[in-house]
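For reference, the chains in residue letters:
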Amino acid sequence: MDYMLTEEQIMIRDLARQVAEEKIVPVRAELDEQNKFPTDIMKAMGQADLMGLFIPEEYGGLGKKVLELCIAVEEISKACVGVSTSYAANALGTYPLLLYGTDEQKKKYLPDIATGKRLVAFGLTEANAGSDASGIQTTAKLDGNEYVLNGTKQWITNGIEAEIYTIVALTNRSKGPRGASAFVVEKGTPGFTFGKKENKMGIRASSTTELIFSDCRIPKENLIAKEGMGFIIAMKTLDSSRIGVGAQGVGVAQGAIDESIRFAKGRIQFGQPVTSFQAVQHILADMQTQTEAARALVYSVARAMDSGAKDFSRASAMAKLFATDTAMKVTTDAVQVMGGSGYMKEYPVEKMMRDAKILQIYEGTNQIQRNVIALDMIREVSRQK
Ligand code: COS
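What counts as what
- Residues numbered from 1 in each chain as written.
- Predicted model: local features only at pLDDT ≥ 70, side-chain atom pairs only at ≥ 80, totals over all residues.
- Heavy atoms only, no water.
- Helix = DSSP H or I, 4+ residues; strand = E, 2+ residues; numbered from the N terminus.
- Rg over C-alpha atoms; globule rule 2.2 N^0.38 Å.
- Buried < 20%, exposed > 50% of the residue type's maximum accessible area, 1.4 Å probe, protein only.
- Near = heavy atom within 4 Å.
- Polar contact = N/O pair within 3.5 Å; in protein donor to acceptor, adjacent residues only side chain to side chain.
- Salt bridge = Lys/Arg side-chain N within 4 Å of Asp/Glu carboxyl O.

S.K.: What am I meant to see in the overall build of the chain here?
M.R.: Of regular secondary structure, the chain possesses 11 helices and 10 strands. The C-alpha radius of gyration of the chain comes to 21 Å, within 12% of the 21 Å expected for a compact globule of 385 residues. Expressed along its principal axes, the backbone C-alpha trace of the chain runs to roughly 80 × 55 × 40 Å. Looking at the chain as a whole, 55% of its 385 residues qualify as buried.

The structure is reproduced here in structure tokens:
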């Protein structure tokens, strides 16, 4: 389908595709097997200006928008969702600064993020606060000109690899979600250490670690926006970044389709390629139709966001929900089309199926997306009355 991309968007797509094909595809199985973070690939993406795609030009980025970021994420995800998770989580961690940071904070941090010199991680989740994001326990107490952080963040993408962290912590425990605030914390701050590195089912090229804060003192200036804004900043950050998870879904689904067709054309059974059987053709047709529907939704929501849509919480959740459920189905079908070979590590689709699973879970499970969508629908009807 022709999405009427501009010449510039096509250039970005081709650039991301080139990086993916040249740098990621040859090593993705090894990164997966060895649970290894792709430091060199992240550097190469920085050199190709992909890290600063969504960062305004005045802060050293390319000044592109959500659709361009989605296009890049899609291409990288086609090759490896582990790598695209590290890439997209960098944007997730940057959004609190981009959306709510002061000019000074932006000048201090964004240029290094734009060049890929410093990676970012977003710290919201804790052992007892995943779907229930407002249940965080990490505290930040003001003491003179510093905030003192105490607590542990869990399952943080880019964990130990990042150098800049946007962290949500409670400045007033008694106020619930309204008592949360957001902060920037830099690697190397005394009292800030790392816990265990997770051993995951998929996206094994991405690094997932605990962040431990023990009387970690940060300057007062590292508060993002105002005290009490932390939960809203986290929700707005997720509204902005969930569309990117949708783009990951579209990418891995397309990657699985391409791999399975390539294989099935050459697989001879009953004297003919298995692509000549209608049973296989119908699976392939459904896979592409569903992926195209997901792509159309992701692109149209991204375009609405880029055109200044104010409230895109529901739309972004819908794109994430639909595209990632599609990715799980399509990657599972790709394994089925390839049969026994699809199940073997010799081919990339078994990894794609393992990788796709996380997309239904992180940045809010797809059950949480349904909550976000339904509550917004109900609120809209109440407003109309
Ligand atoms: N934008 C702006 N404000 C929002 C918002 C959004 N998208 N979502 C919620 N809020 C506001 C609400 O309006 C409410 O404000 P008031 O207290 O002024 O009324 C406040 O935030 C609390 O909202 P709510 O009561 O709906 O919060 P809940 O604790 O019930 O949580 C969900 C709502 C489930 C949507 C939220 O916790 C969530 O998204 N959880 C998933 C988190 C997640 O993605 N975790 C994955 C790890 S992060 S990578």
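S.K.: Could you clarify how one ought to interpret the site of the ligand in this entry?
M.R.: Lining the immediate surroundings of the ligand are 19 residues, of which S131, R178, D239, R242 and G364 lie closest. Contacts to the ligand include S131, whose backbone N or O atom sits 2.8 Å from a nitrogen atom. Taking R178, its side chain carries an N or O atom lying 2.4 Å from an oxygen atom of the ligand. Broken down by secondary-structure element, the contributors of at least two residues to the shell around the ligand are α7 (230-266) and α11 (366-384).

S.K.: I would appreciate a short explanation of the pattern of salt bridges in the present structure.
M.R.: It is possible for side chains bearing opposite charge to pair when their charged atoms get close. Tallied over the entire structure, the rule returns 26 salt bridges. Residues K153 and E126 are paired through a salt bridge, measuring 2.8 Å at the closest nitrogen-oxygen approach. In this pair, K153 is assigned in strand β3 (residues 146-157) and E126 in the loop between β1 (120-123) and β2 (139-143), connecting sequence segments 27 residues apart. For the pair formed by K153 and E126, the shared burial category is buried. The salt bridge involving R379 is made with D376; its shortest N-O contact spans 3.9 Å. With R379 and D376 both in helix α11 and three residues apart, the pair spans about one turn of that helix. Note on D376: relative accessible area 10%, which makes it buried. Through salt bridges with shared partners, a single network forms among D32, K345, E350 and R354.

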